[in-house]
Amino acid sequence: MVRDFNNVPDQGADVVLDFSDCPDIRVCADQGDPNVVVDCATRSVRAVSGPDGRATFRVIGCAANVGASPGSIGPSMKVYASVFLLGSVRVAALDQDGRNGVNVEDLSLFLRDWLLSGQPLARSDYNGDGRLDPNDLSRWLRAFAAGGSTQSGAASCP
């Protein structure tokens with residue numbers, strides 16, 4: 001929710017999710033929402049806030065995990081509203097390889113991040129606490145068991 005300096009909802013604010021510092025995250029070029037624009041050149045996703053100051057995103061994408069490959073450790077996706085930096089957040093992806101939705105190959109890549117990398121890679125930190133541990137595994141397993149991600153998104157930005 002975007003608000004102005006008087007704490008009034010700011011309709012028409014350009015809200016941008018900037019993935020340029022997330023080398024291991026791939027955003028799909030088509031987000032399936034006509035109100036969301038993807039700029040592959042700047043690795044960003046944007047929307048305009050509504051009358052209540054809200055801009056809502058459900059970002060479709062995946063990680064580009066090739067097995068404990070380098071990636072972001074901490075908060076690295078920047079959130080802007082009308083050019084003002086609001087903050088940075090961690091970005092995780094259940095679909096670790098961008099193929100065939102969320103499946104056992106993704107579980108294997110998550111486990112490799114957790115058990116072999118020695119790094120709290122953000123792409124596998126599903127609860128955003130800065131650690132890879134059984135809580136993240138539990139979240140992955142819950143999502144997998146729900147069966148909601150049986151396909152990967154459309155073509156990712158290069």
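Everything below is about the structure shown above.
None of these values were measured; they are calculated from a predicted model. Throughout, residues of each chain are indexed from 1 in the direction in which the sequence is written. Local features are withheld for residues below a pLDDT of 70 in this predicted model, meaning they are given only at 70 or higher, and side-chain atom pairs are given and counted only at 80 or more; totals for whole chains, interfaces and linings count all residues. For the side-chain quantities, the full set of heavy atoms in the structure was used; hydrogens and water were omitted.

(A) Geometry of the nonpolar core. Nonpolar cores were defined as sets of buried Ala, Val, Leu, Ile, Met, Phe, Trp, Tyr and Cys residues, with membership established by side-chain atoms within 4.5 Å. Note on exposure labels: buried denotes an accessible area under 20% of the residue type's maximum, exposed denotes more than 50%, and partly exposed covers the range between, all computed with a 1.4 Å probe on protein chains only. Counting 15 residues, the largest nonpolar core has Leu17, Phe19, Cys22, Ile25, Val45, Met77 and Val91 as the members making the most contacts within it. Elements are defined by DSSP. Helices are runs of H or I of four residues or more, strands are runs of E of two residues or more, and each kind is numbered from the N terminus. Counting residues per element, the ones that place at least two in this core are β2 (25-27), β4 (44-48) and β6 (77-81). By the convention used here, residues are in contact when the closest approach between their heavy atoms is within 4.5 Å. Among residues more than four places away in sequence, those in contact with Leu17 are Arg43, Ser44, Val45, Phe57, Val59, Met77, Lys78 and Val79. Within the second largest apolar cluster, 5 residues are counted, among which are Val102, Leu107, Phe110 and Tyr126.

(B) Region of interest: helix α2 (residues 134-146). A helix's residues, less one, multiplied by 1.5 Å, set its expected span. In this model α2 runs 18 Å from its N-terminal to its C-terminal C-alpha over 13 residues, within 8% of the 18 Å that 1.5 Å per residue would give. Looking one or two residues beyond α2, the residue adopting positive phi is Gly147, at roughly 70 degrees.

(C) Region of interest: the packing of aromatic side chains. Here is the rule: rings of Phe, Tyr and Trp (six-membered ring for Trp) pair when centre to centre is within 6.5 Å. Planes less than 30 degrees apart are stacked, more than 60 are edge-to-face, and the remainder are tilted. Counted according to the given criterion, the structure contains 3 aromatic pairs. Each ring, one from Phe110 and one from Trp114, has its centre 5.9 Å from the other, and the planes form 40 degrees; the classification is tilted. With a gap of 4 residues between them, Phe110 and Trp114 both fall in helix α1 (residues 104-117), about one helical turn apart. Take Phe110: its relative accessible area is 0%, and that puts it in the buried class. Among the residues examined, Trp114 registers a relative accessible area of 23% and is labelled partly exposed. Taken together, the ring pairs in this structure connect Phe110, Trp114 and Tyr126 into an aromatic cluster.

(D) Up close: the side chain of Asp97. On the secondary structure map, Asp97 appears in the loop between β7 (84-89) and α1. According to the relative accessible area criterion, Asp97 is buried, its value standing at 15%. Ignoring any residue separated from it by four or fewer positions in sequence, one finds Asp97 in contact with Ala63, Glu105, Asp106 and Leu109.

(E) Structural context of the pattern of salt bridges. Salt bridge criterion: a side-chain nitrogen from Lys or Arg within 4 Å of a carboxyl oxygen from Asp or Glu. The tally for this structure, following the rule as stated, stands at 9 salt bridges. The closest approach of N and O atoms between Arg99 and Asp97, which form a salt bridge, is 3.5 Å. Here Asp133 ties to Arg131 by a salt bridge, and the two come within 3.4 Å at their closest N and O atoms. Using a relative accessible area of 11% as the deciding quantity, one classes Asp133 as buried. Assessed through its relative accessible area of 47%, Arg131 is described here as partly exposed.

(F) Just the sheet that holds β6, in detail. In this scheme, strands are said to pair when DSSP sees at least two bridges between them. Taken in spatial order, the 5 strands make up an open sheet running β3-β4-β1-β6-β7, and their pairing is antiparallel. Of all strands in the sheet, those bounded by a partner on one side alone are β3 (37-39) and β7. Shown here is a sheet whose adjacent strand axes are inclined to one another by a mean of 20 degrees, direction ignored. The axes are straight lines fitted to the C-alpha atoms, using for helices just the contacting stretch, and the angles between their N-to-C directions are given from 0 to 180°.

In short, the description is geometric, and any link to function would need to be established separately.
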